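# Chain and residue survey
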Amino acid sequence: QQADLNGGWVIPVVAKAGNRADLSSIAGLVPGSNGQHVIENPPTAPNTVDVYFTNDAGQRLAHDVRSQAGAQTYKFVVACAVPDTNVTVSLPDLSQVPAAMQIMLVDKATGKSVYARTMQSYKYHSAGETSEREFELVIAPRTAGALAVTATTASAKGDGVTMTYSVTKACAISIRVLNLAGREVKVLAADKMVMAGA
């Protein structure tokens, strides 16, 4: 049953691997709750997929529901014990999170950031018998003001080139390499979601 959220919100985090799924993990914010909605992660069955959040004390949580308002970063792990399979991570209901808040899913293994409000699901392949993959769910107020791209540099490093840039707010970026005639020779990134900063 729905708890009194006191103006807060919850986000279900779902992972599926083959015909197995974890449907019971929740990140959220309930002002004044003082940890009463935090639930430890139960033991997992063999040959399944499990989602658990981690906190500063090293606990594994099924529900990480906080009481302090503001920007939030939830760290969670998808533990897959289904051998050699595709894993799907989804956030099936974002309707309770205010529109003024931006929601990003970050895959720590690849560094890829995905804007969650337009994401149907995030997929990756779990090789071997078992795997654990770390993610972050970042919920923060949308930054005001126009987007600016600054501090763009390209410097030779050995046989390659290191390119750096900074953006003032989260956005989708595309990077193309052109030859002297202006023709495209390589696409380094296409509509990749990135967070604000370098």
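Residues numbered from 1 in each chain as written. Predicted model: local features only at pLDDT ≥ 70, side-chain atom pairs only at ≥ 80, totals over all residues. Heavy atoms only, no water.

### Quick look at the pattern of salt bridges
Opposite charge on two side chains permits them to pair, given that their charged atoms come into close proximity. Using the criterion set out here, one finds four salt bridges in the structure. Between arginine 66 and aspartate 64 there is a salt bridge whose closest N-O contact spans 3.1 Å. The shortest N-O distance in the salt bridge between arginine 176 and glutamate 184 comes to 3.4 Å. Its relative accessible area of 44% is what places glutamate 184 among the partly exposed residues. (Salt bridge = Lys/Arg side-chain N within 4 Å of Asp/Glu carboxyl O. Buried < 20%, exposed > 50% of the residue type's maximum accessible area, 1.4 Å probe, protein only.)

### Here we look at the environment of aspartate 22
Position of aspartate 22 relative to the elements: it lies in strand E2 (residues 20–29). Taking relative accessible area as the criterion, aspartate 22 reaches 7% and is therefore assigned buried. It is 6.4 Å that separates the C-alpha atoms of aspartate 22 and valine 51, two residues lying 29 residues apart in sequence. Residues in contact with aspartate 22, not counting those within four places in the same chain, are Val13, Val14, Ala15, Val49, Asp50 and Val51. At a separation of 3.0 Å, a polar atom in the side chain of aspartate 22 contacts the main-chain amide nitrogen of serine 24. (Helix = DSSP H or I, 4+ residues; strand = E, 2+ residues; numbered from the N terminus. Contact = heavy atoms within 4.5 Å. Polar contact = N/O pair within 3.5 Å; in protein donor to acceptor, adjacent residues only side chain to side chain.)

### A few points about the side chain of arginine 133
When you line up the elements, arginine 133 lands in strand E11 (residues 131–141). Within polar-contact distance, the side chain of arginine 133 engages the side chain of aspartate 107 at 2.8 Å. Discounting chain neighbours no more than four positions away, the residues touching arginine 133 are Phe76, Val77, Val78, Asp107, Ala109, Thr110, Tyr122, Tyr124 and His125.

### Overview of the pairing of strand E7 (residues 85–90)
Across four bridges, strand E1 (residues 9–17) lies against E7 in antiparallel orientation. Paired with lysine 16 across the two strands is threonine 88, which belongs to E7. Pairing between E7 and strand E10 (residues 122–126): five bridges, direction antiparallel. The partner of valine 89 across the bridge, within E10, is tyrosine 122. (Pairing = 2+ DSSP bridges.)

### Concerning a nonpolar patch on the surface
There is a patch of nonpolar side chains on the surface, built from Val161, Met163 and Leu188 and spanning about 290 Å² of accessible area. Take valine 161: it is sitting in strand E13 (residues 160–167). (Patch = residues over 30% accessible without salt bridge, like charges linked within 9 Å, V, L, I, M, F, W, Y side chains within 5 Å. Areas by Shrake-Rupley, 256 points an atom, 1.4 Å probe, with all protein chains shown as cover.)

### A closer look at the packing of aromatic side chains
In the structure shown here, the tally under the stated rule is six aromatic pairs. Between phenylalanine 76 and phenylalanine 135, the aromatic rings sit 5.3 Å apart at their centres with planes inclined by 10 degrees, giving stacked as the arrangement. You can see phenylalanine 76 sitting in strand E6 (residues 72–80) and its partner phenylalanine 135 sitting in strand E11, a full 59 residues away along the chain. Three or more aromatic residues joined by ring pairs form one cluster here, namely Trp9, Phe53, Tyr74, Phe76, Tyr122, Tyr124 and Phe135. (Phe/Tyr/Trp six-rings, centres within 6.5 Å; stacked < 30°, edge-to-face > 60°.)

### Thoughts on the pairing of strand E15 (residues 184–194)
Regular strands place side chains that alternate from one sheet face to the opposite one. Looking at chain direction, strand E14 (residues 171–178) and E15 are connected through seven bridges and run antiparallel. Across the sheet, arginine 176 pairs through a bridge with valine 187, a residue of E15. Taking the residues between adjacent antiparallel strands as the criterion, E14 and E15 are bridged by five residues, where glycine 182 takes a positive phi near 85 degrees.

### What to know about the nonpolar core
Among the nonpolar cores identified, the biggest contains 32 residues, and Phe76, Val78, Leu137 and Ile139 are the most heavily contacted of them. A per-element tally of this core places E1 first, with five residues. Leaving out residues up to four positions away in the same chain, phenylalanine 76 has contacts with Val13, Val51, Tyr52, Phe53, Val89, Leu105, Arg133, Glu134, Phe135, Glu136 and Leu137. One finds Cys171, Ile175, Ala189 and Val194 within the second-largest nonpolar core, a separate group that totals six residues. (Core = buried A, V, L, I, M, F, W, Y, C linked by side-chain atoms within 4.5 Å.)

### Considerations on the environment of glycine 28
Its place among the elements puts glycine 28 in strand E2. Classification of glycine 28 as buried rests on a relative accessible area of 0%. Taking the C-alpha atoms as reference points, glycine 28 and tyrosine 122, 94 residues apart in sequence, are found 20 Å from one another. Glycine 28 has contacts with Trp9, Val10, Asp64, Val65, Arg66 and Tyr74, leaving out every residue within four places of it along the chain.

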